[in-house]
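# Chain and residue survey
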Amino acid sequence: MSDQPPVLHVRGRVLVAPDDARDELWVVDGKVTYDRPRGDAAKDVRTIDGWVLPGLVDAHCHVGLGPHGGVPRDVAEKQALTDRGAGTLLVRDAGSPSDTRWVDDRDDLPKIIRAGRHIARTRRYIRGYAHEIEPEDLVAYVAREARRGDGWVKLVGDWIDRGTGDLSACWPRDAVEAAIAEAHRLGARVTAHCFAEDSLRDLVEAGIDCVEHATGLTEDTVPLFAEHGVAIVPTLVNIATFPDLAAGGEAKFPRWSAHMRRLHARRYDTVRAAYDAGIQVYVGTDAGGTLAHGLVADEVAELVSAGIPPVEALSATAWGARRWLGRPGLDEGAPADLVVYEEDPRADVRVLAAPRRIVLNGRVVG
């Protein structure tokens, strides 16, 4: 879009930070300002009232991914628009085979931080999703995806081993150490899909930055994560599907099915233990593949159900998540990406499910 966005006057309670609520902000030339505009900029102003948050973050999302791999551009566009309609204006795309760079040219679609394509062990992930390689090639593929992504690389840390019939780690310790070191050398952070317990210590001690799902955290590894400053993105709306997955695989892989049920049963205790230990917890839905887009409010509610205080759960999709990803919130001069609600989301996070107005790059888009 090339025409100039309108001047907006957003008033009510602007939640710049959990403990910093201001009475108003202005949007001029698509940017946030707290200075009242003058002259021509003060004319033809649109007023929006309500409780204001910075655009929400889905830190584990897959735009351009469907059940069988990459999807056409029109499908990816619908995915992004669905996320936008839920108030998600910043996505960390945690692995996709699709090239979504075209989204960057669209002022009306959420901003995406890409992790390139998943990197998995041969025949140890969902078909069509990942580069499937052996350990000797891991460093080279990590370097490739570090250059392709936006400062992140995504590994598949564990998956079902058909030989044992259960989840097991995908990579030897020396391979992940070398791969993570190479990613860091290239300026990229590394995250990994991990459901089970036995991959976590090697990944953390090898220097990983984040773990997705992290259902396998135990009383032994929670302190390790805290000590090394490793964040987690629990994706509890995805973990809710574990019982159905277990039922579908029980006849062929009974050990795996029983393991998945145990991980599901203790999911809330796992997340609360991580939070209580000081581990950074962020909101991610795992949208894409088989899971619907637009579930960010559901995931925040799940974090609260796990015992995380509501304001901290909000921060995990708003102020804290943006800071973690190196993107501005409602700062002076920042792109005006914000969501307006009828009521205070700090008092009840369920308010997130019904945005009153959505402003992206200074334009009202919902």
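Treat the numbers as computed from the prediction; the structure is a model and nothing was measured.

Spanning 13 residues, helix α3 (residues 173-185) covers 18 Å between terminal C-alpha atoms, matching the ideal 18 Å at 1.5 Å per step. Residues of α3 that are buried include every one of Ala-175, Val-176, Ala-179, Ile-180, Glu-182 and Ala-183, and no others. End-on view of α3: buried residues confined to an arc of 160°, all on one side of the axis. For α3, the exposed residues set more than 90 degrees away from the buried face come down to Asp-174 and Arg-185. Buried residues belonging to α3 abut α2 (138-148), β15 (189-194) and α4 (200-205).

On to the nonpolar core. In terms of nonpolar packing, the biggest core is built from 78 residues, with Leu-138, Ile-208, Phe-225 and Leu-303 touching the most fellow members. With 5 residues, the single largest contributor to this core is α3. One finds Val-32, Tyr-34, Ile-48 and Val-359 within the second-largest nonpolar core, a separate group that totals 15 residues.

Before going further, it helps to spend a moment on the pairing of strand β13 (residues 158-161). Here β13 pairs with strand β14 (residues 166-169) via 4 bridges, running antiparallel. What sits directly across from Asp-161, in β14, is Asp-166. Counting the residues that bridge the hairpin from β13 to β14 gives 4 residues, and of these Gly-165 lies at a positive phi of roughly 75°.

Turning our eyes to something else, we now look at unusual backbone geometry. Most peptide bonds take the trans form, and the phi angle of most residues other than glycine is negative. Not every positive phi belongs to a glycine, and Thr-235 is a case in point at roughly 50°. Given the relative accessible area of 0%, Thr-235 is considered buried. Positive phi is not limited to glycine here, since Asp-286 has a value of about 65°. Position of Asp-286 among the secondary structure elements: in the loop between α9 (267-276) and α10 (296-305).

Quick look at the sheet that holds strand β9 (residues 111-114) now. The strand order β5-β8-β9 describes an open sheet built from 3 strands, whose pairing is parallel. The strands lining the two open edges of the sheet, one partner per strand, are β5 (56-61) and β9. For this sheet, the mean inter-axis angle between neighbouring strands, taken without regard to orientation, is 20°. Bridge count between strand β8 (residues 88-93) and β9: 4 bridges; the pairing is parallel. Its bridge partner lying in β9, Arg-92 is registered against Ile-113.

Criteria and cut-off values
- Residues numbered from 1 in each chain as written.
- Predicted model: local features only at pLDDT ≥ 70, side-chain atom pairs only at ≥ 80, totals over all residues.
- Heavy atoms only, no water.
- Helix = DSSP H or I, 4+ residues; strand = E, 2+ residues; numbered from the N terminus.
- Expected span 1.5 Å × (residues − 1).
- Buried < 20%, exposed > 50% of the residue type's maximum accessible area, 1.4 Å probe, protein only.
- Arc of directions from axis to C-beta.
- Contact = heavy atoms within 4.5 Å.
- Core = buried A, V, L, I, M, F, W, Y, C linked by side-chain atoms within 4.5 Å.
- Pairing = 2+ DSSP bridges.
- Axes fitted to C-alpha atoms, helices over the stretch in contact; angles between N-to-C directions.

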